[in-house]
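Fold and contact review
The chain contents come next:
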Amino acid sequence: MNQIHWILQSNLIKESVFNQIKKTFIENNISFEEVKIIPFSDDLPEIKTFNEINVFYGSTTLILNAYKKFGITKGIFYDHSNFNLANYIKHWSDNMLNYDSKILTFEQITKLNLKPDSHWFIRPIEDDKSFSGKIMSVNEIYNFEKELLNSNNPYLTTETLVGISSVKEIEKEWRLFIIDKQIISICRYTMNGELSISDEDIPDQLIKFTEECLKIYAPAAVFVMDIALYKNSFKIVECNCFNDSGFYKHNIEDIILKVNQYLSK
């Protein structure tokens, strides 16, 4: 059996989640160590133990730095070329909520002939959390682009590719954990734009839709998929790297054990 070791970030993640993960490791005799991350640092912290498989869990900074150093491994479920909006649209087409997205830089967006009173949904195309997707007016887009001209943020510049799409009224959203194209855990996290967590509101059609999408494509062996109910249809909002995805009312212990079970094959 492959020896599995988890590297768990101890700062900047929700304390209750950290405690549940740590409890799972201890009670199931899973090898792990804790590390602390300096926000936006380009360096990994010192890691004391390396086994055959090393699974990182923490912030985006930790995961991107681990990916930069080690590349795609059995414990880093991330591939830069897979986890981006353009790739999702390529594979899932109109099963994507924002299938109508144009992928442009902020500089290119400001050159579009947008109606002055219009609003648009803007999000980064990468799973790097450079900024949170948001609804912006045309003036806000122009002002944001001006701010970026004077910004020293290396992760977000006027040349950063973003997706711009029409604004959509979403009824509900769910987070699904996927392992080897199998749904492992589902939890609703919003309803009518407000945080609303439920592990009981799981429609059969949501499961069927997800399974059909997974027959088409999966960006990684282990990942997270967010799905919305929009105009009585289910649509994929985005996928996220498992290693830096948050939990809602998911069974954390069950997910960790199933990740280890998959890696032990």
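Check the entry above for the structure.
The paragraphs below set out a description of the structure included in this document. Values in this document were obtained by computation on a predicted structure and should not be read as measured data. (Residues numbered from 1 in each chain as written. Predicted model: local features only at pLDDT ≥ 70, side-chain atom pairs only at ≥ 80, totals over all residues. Heavy atoms only, no water.)

**Considerations on the overall build of the protein chain**
Looking only at helices and strands, the protein chain has 7 helices and 12 strands in total. Relative to the compact-globule value of 18 Å for 265 residues, the protein chain shows a C-alpha radius of gyration of 19 Å, a close match. Across its three principal directions, the C-alpha atoms of the protein chain cover 60 × 45 × 30 Å. Counting over 265 residues, the protein chain shows a buried share of 49%. If you take every contact in the protein chain between residues at least 6 apart in sequence, the share linking residues at least 24 apart comes to 64%. Approximately 13700 Å² of the protein chain is accessible, and the part contributed by carbon and sulfur atoms is 48%. Counting 28 positive and 36 negative side-chain charges, the protein chain places the centres of these two groups 2 Å from one another. (Helix = DSSP H or I, 4+ residues; strand = E, 2+ residues; numbered from the N terminus. Rg over C-alpha atoms; globule rule 2.2 N^0.38 Å. Buried < 20%, exposed > 50% of the residue type's maximum accessible area, 1.4 Å probe, protein only. Contact = heavy atoms within 4.5 Å. Areas by Shrake-Rupley, 256 points an atom, 1.4 Å probe, with all protein chains shown as cover. Lys, Arg positive; Asp, Glu negative; His and termini not counted. Charge placed at Lys NZ, Arg CZ, Asp CG, Glu CD.)

**A look at the side chain of Ser 59**
By the secondary structure assignment, Ser 59 is in the loop between β3 (53–57) and α2 (60–70). Ser 59 gets classed as buried once you look at its relative accessible area, which sits at 15%.

**Some remarks on the packing of helix α1 (residues 15–27) against helix α7 (residues 252–263)**
Axis separation between α1 and α7 bottoms out at 9 Å; the angle between their running directions is 50°. Regarding the angle of α1 to α7, the classification is oblique. The two elements α1 and α7 meet at a crossing, and its hand is right-handed. Where α1 abuts α7, its residues Val 17, Gln 20, Ile 21, Thr 24 and Phe 25 lie against Ile 252, Glu 253 and Ile 256. Looking at the contact of α1 with α7, its residues break down into 5 nonpolar, 2 polar and 1 charged. (Axes fitted to C-alpha atoms, helices over the stretch in contact; angles between N-to-C directions. Parallel < 35°, antiparallel > 145°, perpendicular 65-115°, else oblique. Left-handed = near helix turned anticlockwise from the far one by under 90°. Nonpolar A, V, L, I, M, F, W, Y, C, P; charged D, E, K, R; others polar.)

**A look at the side chain of His 250**
Inspection of the secondary structure assignment puts His 250 in the loop between β12 (233–241) and α7. One polar contact links the side chain of His 250 to the main-chain carbonyl oxygen of Arg 175, over a distance of 3.1 Å. Ignoring sequence-local partners within four residues, the contact set of His 250 consists of Arg 175, Phe 177, Ser 185, Ile 186, Cys 187 and Ile 255. (Polar contact = N/O pair within 3.5 Å; in protein donor to acceptor, adjacent residues only side chain to side chain.)

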